[in-house]
Amino acid sequence: MAVLEVRNLTIRFGGLVAVNNVTLHVDEGKIVGLIGPNGAGKTTIFNLVTGVYNPTRGEIHYRGRSLVGMKPHQVASLGVVRTFQNIRLFKNLTVYENVRTAAHMGAKYSLLDGLFHTPRYHMYESEISEWSENLLRLLKLDARRADIASSLPYGVQRRLEIARALALRPSLLLLDEPAAGMNPQECRELISFIREIRDMFGLTIFLIEHHMDVAMSVSERMYVLNFGELLAEGTPSEIQNDRRVIEAYLGEEERDAQG
């Protein structure tokens, strides 16, 4: 069953067509990769799904419900949560404070409850604290709960960013280049970590990844974009042996070598 369905998705910025007639789906419980050369339109698709942009044309459905026209916070409230290529932690807060701040999105008390510390306020605050502590324990961040986010090693900051996304209790998690800036050992740990959180929290995961070894290792199905258009789709082995994909990446390597 498809959790996310994108049909004929197109967006234009002035005369530039950033994404052109893309159709894809992400099935429940799967880890699906979205890859492609720089500038292919990958992050633009994430921005369309999460309400940062509205499409020029096309449909986006999450569990049968249209996301087109929704604001990012409305999309997140449905269970569609993302991380970003550039880590966006609260740098001066502790690990625990980062997770707890995110968990507050699920608080269902009013402003008056907060002002007067009503029983309803205390009930939800207790639930938030318990959920935050559980997340830190499950994701092996509890030993660093009092550490300031900016002081953490890069790989741990990535893990914290994912923990903060999980604090919102998503069912569909979008990861935008989670291996960016990681060394080979951190990449290997990330692959295991993504599989673990998928199984632990019953997630569906849609990820963008520029590290081909990470994308191929963790994805169960993959889509390839090139110049805003869908170039190929299939299993990692099918993608790895697709001549069109090979040519697209070789072309990127040649441009990088020249520039």
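Here is a short report on the structure shown in this document. (Residues numbered from 1 in each chain as written. Predicted model: local features only at pLDDT ≥ 70, side-chain atom pairs only at ≥ 80, totals over all residues. Heavy atoms only, no water.)

### Thoughts on the overall build of the chain
Part 1 of the argument: Helix and strand counts for the chain come out as 10 helices and 10 strands.
Part 2 of the argument: Since a compact globule built from 259 residues should have a radius of gyration of about 18 Å, the 19 Å found for the chain is in line with a globular shape.
Part 3 of the argument: For the chain, the spread of C-alpha atoms along the three principal axes comes to 60 × 40 × 35 Å.
Part 4 of the argument: Residues counted as buried form 49% of the 259 residues belonging to the chain.
Part 5 of the argument: At a minimum sequence separation of 6, the contacts of the chain that also span at least 24 residues come to 67%.
Part 6 of the argument: Summed over all atoms, the accessible surface of the chain reaches about 12,500 Å², with 50% contributed by carbon and sulfur.
Part 7 of the argument: Looking at the chain, you have 29 positive and 31 negative side-chain charges, and the mean spots of the two groups are 4 Å apart. (Helix = DSSP H or I, 4+ residues; strand = E, 2+ residues; numbered from the N terminus. Rg over C-alpha atoms; globule rule 2.2 N^0.38 Å. Buried < 20%, exposed > 50% of the residue type's maximum accessible area, 1.4 Å probe, protein only. Contact = heavy atoms within 4.5 Å. Areas by Shrake-Rupley, 256 points an atom, 1.4 Å probe, with all protein chains shown as cover. Lys, Arg positive; Asp, Glu negative; His and termini not counted. Charge placed at Lys NZ, Arg CZ, Asp CG, Glu CD.)

### Examining the side chain of Thr10
Part 1 of the argument: Within the element layout of this structure, Thr10 appears in strand 1 (residues 2-13).
Part 2 of the argument: Judged by relative accessible area, which is 0%, Thr10 ranks as buried.
Part 3 of the argument: A distance of 2.9 Å separates the side chain of Thr10 from the backbone nitrogen of Asn21, its partner in a polar contact.
Part 4 of the argument: Contact partners of Thr10, with chain neighbours within four places excluded, come to Val17, Val19, Asn20, Asn21, Pro55, Thr56 and Arg57. (Polar contact = N/O pair within 3.5 Å; in protein donor to acceptor, adjacent residues only side chain to side chain.)

### Examining the sheet that holds strand 9 (residues 221-226)
Part 1 of the argument: Taken in spatial order, the 6 strands make up an open sheet running 6-7-8-3-9-10, and their pairing is mixed. A single partner strand is all that each edge strand has here, and the edge strands are strand 6 (80-82) and strand 10 (229-234). In this sheet, neighbouring strand axes are inclined to one another by 20° on average, regardless of whether the strands run parallel or antiparallel.
Part 2 of the argument: Note that strand 7 (residues 172-176) and strand 8 (residues 204-208) share 5 bridges and pair parallel. From the neighbouring strand, Leu172 faces strand 8, where its bridge partner is Thr204. (Pairing = 2+ DSSP bridges. Axes fitted to C-alpha atoms, helices over the stretch in contact; angles between N-to-C directions.)

### Some remarks on the pairing of strand 1
Part 1 of the argument: Note: strand 1 against strand 2 (residues 16-27), 8 bridges, orientation antiparallel. Counterpart to Arg12 in the pairing with strand 2 is Val17.
Part 2 of the argument: Between the end of strand 1 and the start of strand 2, which pair antiparallel, lie 2 residues, with Gly14 showing a positive phi angle near 65°.
Part 3 of the argument: Sheet topology places strand 1 next to strand 4 (residues 57-62); 5 bridges connect them, and they run antiparallel. Looking at the pairing, Arg7 lines up with Glu59 of strand 4.

### Side note on the nonpolar core
Part 1 of the argument: Judged by nonpolar contacts, the single largest core of 39 residues is most densely connected at Leu173, Ile197 and Ile205.
Part 2 of the argument: Setting aside residues up to four positions removed in sequence, Leu173 forms contacts with Val81, Ile162, Ala165, Leu166, Ile197, Leu203, Thr204, Ile205 and Phe206.
Part 3 of the argument: Of all hydrophobic cores here, the second largest spans 29 residues; its members include Ala18, Val22, Ile45 and Val49. (Core = buried A, V, L, I, M, F, W, Y, C linked by side-chain atoms within 4.5 Å.)

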